[in-house]
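Fold and geometry: a report
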Amino acid sequence: MSSETTRLQMSLLQPAQAQKHVTVNEALMRLDGMVNLVLESVSTVTPPAAAIDGQCWGVPAQAQGDWSGHAGKIAVGSNGGWIFVMPVRGMQGFVLDRASRAIHDGDVWVVGALGLGTTGSAMIAGMAEGEVDLASGSTIISDVFIPGGAMVIGAAARVVTPLSGTLSSWRLGTSGATNRFGQGLGKDTGSWARGMLGSPMTYYQPEPLIISAENGEFTGGRIKLAVHWWEMRLPV
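Residues numbered from 1 in each chain as written. Predicted model: local features only at pLDDT ≥ 70, side-chain atom pairs only at ≥ 80, totals over all residues. Heavy atoms only, no water.

With respect to the nonpolar core
Counting residues in hydrophobic clusters, the biggest one holds 28 residues, and the most contacted among them are Trp170, Leu172 and Ile211. Those elements that place two or more of their residues in this core are β8 (122-133), β9 (139-146), β10 (150-165), β11 (169-174), β12 (177-185), β13 (192-203), β14 (207-214) and β15 (218-233). Broken down by element, the residue count for this core peaks at six residues, all from β10. Excluding anything up to four places from it in sequence, Ile211 contacts Val132, Leu134, Ser138, Thr139, Ile140, Trp170, Arg171, Leu172, Phe218, Ile223 and Leu225. One finds Leu8, Ile83, Met91 and Trp109 within the second-largest nonpolar core, a separate group that totals 18 residues. (Core = buried A, V, L, I, M, F, W, Y, C linked by side-chain atoms within 4.5 Å. Buried < 20%, exposed > 50% of the residue type's maximum accessible area, 1.4 Å probe, protein only. Helix = DSSP H or I, 4+ residues; strand = E, 2+ residues; numbered from the N terminus. Contact = heavy atoms within 4.5 Å.)

Here it is, written out as structure tokens:
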């Protein structure tokens, strides 16, 4: 008879076992973290200063500290320490710092996967987002990037701090088409752009989102940006 369950490696109660509550409580802590799995990150190599009960992390290669030697596992916070669970192919979770769901392929988490083929191929829904503080000038190259090999379906933006300067409006795009995702956009808080492309466009090289002033220049303001794309994962 096995001493633990197959999927979540929860210890099974044994005949005449003493302190059964210890085994049961550890199993409940695993379930609390693993049911409807939410991963804080799958790329952070250093454990947080304090382990929070039920909080889960995908442990990457080169993990340090208390996670050293547990690469590939899920670290579940429990009683100030960590319980480690080995994920299996097909397990799914939501990765908070990537704002995307992920599917495990038996080796790694495939972030953004909508499905997962038997050879590891996948259709991936990707997103990048960020906030841009506008400096003086007419063109701001953001640090929100479209990756190479991505078929972009659109980009969105919202003004969170009013735009100041001599501009009458602004536009959002990329190099060679600075209005691809919107033009004549408003300067006031709450103004927005939802630039959905009628025909998705594939970018073969990484490209940043570009914010451009119209009929003047920026002196300040803040805009939230997001860009959405599809990409294909190769068989492995």
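Following the structure, the description resumes.
So, the environment of Pro147
Tracing the backbone shows Pro147 in the loop between β9 and β10. We classify Pro147 as partly exposed; its relative accessible area is 25%. Pro147 sits 84 residues away from Glu231 along the chain, and the two C-alpha atoms are 9.3 Å apart. In this structure Pro147 touches Tyr203, Pro206 and Trp229, once residues within four positions along its chain are discounted.

Structural notes on the sheet that holds β8
Taken together, the four strands give an open sheet; going across it, the order is β8-β15-β10-β13, and neighbouring strands pair in antiparallel fashion. Two strands close off the open sheet at either side, each with one partner strand: β8 and β13. For this sheet, the mean inter-axis angle between neighbouring strands, taken without regard to orientation, is 15 degrees. Relative to β13, β10 is paired through eight bridges, and the arrangement is antiparallel. Bridge pairing links Ala150 to Tyr203 in β13. (Pairing = 2+ DSSP bridges. Axes fitted to C-alpha atoms, helices over the stretch in contact; angles between N-to-C directions.)

Section: the environment of Val236
With respect to the helices, strands and loops of the structure, Val236 is situated in the segment after β15. The exposed category is assigned to Val236, whose relative accessible area is 76%. C-alpha of Val236 to C-alpha of Trp67: the two residues are 169 residues apart in sequence and 27 Å apart in space.

Let's talk about the sheet that holds β11
One open sheet accounts for four strands, arranged β9-β14-β11-β12; its pairing is antiparallel. Across the chains shown, the open sheet's two edge strands, defined by having one partner strand only, are β9 and β12. Ignoring strand direction, the axes of neighbouring strands in this sheet form an average angle of 25 degrees. The sheet contact formed by β9 and β14 spans five bridges and is antiparallel. Across the sheet, the residue bridging to Phe145 is Pro208, located in β14.

Overview of the environment of Gly130
For Gly130, the location among the structural elements is in strand β8. A residue is classified by how much of its surface remains accessible, and Gly130, at 22% relative accessible area, is partly exposed. Placed 92 residues apart in sequence, Gly130 and Arg222 show a C-alpha to C-alpha distance of 11 Å. With near-sequence residues (within four places) excluded, Gly130 lies in contact with Val144, Ile223, Lys224 and Leu225.

Notes on the side chain of Gln9
Positionally, Gln9 belongs in the segment before α1 (20-34). Assessed through its relative accessible area of 15%, Gln9 is described here as buried. Contacts of Gln9, omitting those with residues within four sequence positions, involve Glu4, Arg30, Phe84, Val85 and Met86.

Notes on the pairing of β15
Pairing of β8 with β15 involves 12 bridges; the strand directions are antiparallel. By the bridge assignment for β15, Gly130 is matched with Leu225. Sheet topology note: the β10/β15 ladder contains 11 bridges and is antiparallel. Across the sheet, Val152 pairs through a bridge with Trp229, a residue of β15.

With respect to the pattern of salt bridges
In the structure shown here, the tally under the stated rule is five salt bridges. Between Arg233 and Asp105 there is a salt bridge, and its shortest N-O distance comes to 3.0 Å. You can see Arg233 sitting in strand β15 and its partner Asp105 sitting in the loop between β6 (100-104) and β7 (109-111), a full 128 residues away along the chain. Note that Arg222 is salt-bridged to Glu131, the shortest N-O span being 3.5 Å. In this pair, Arg222 is assigned in strand β15 and Glu131 in strand β8, connecting sequence segments 91 residues apart. Judged by its relative accessible area of 42%, Glu131 is partly exposed. By sharing partners, the salt bridges in this structure join Glu131, Asp133 and Arg222 into a single network. (Salt bridge = Lys/Arg side-chain N within 4 Å of Asp/Glu carboxyl O.)

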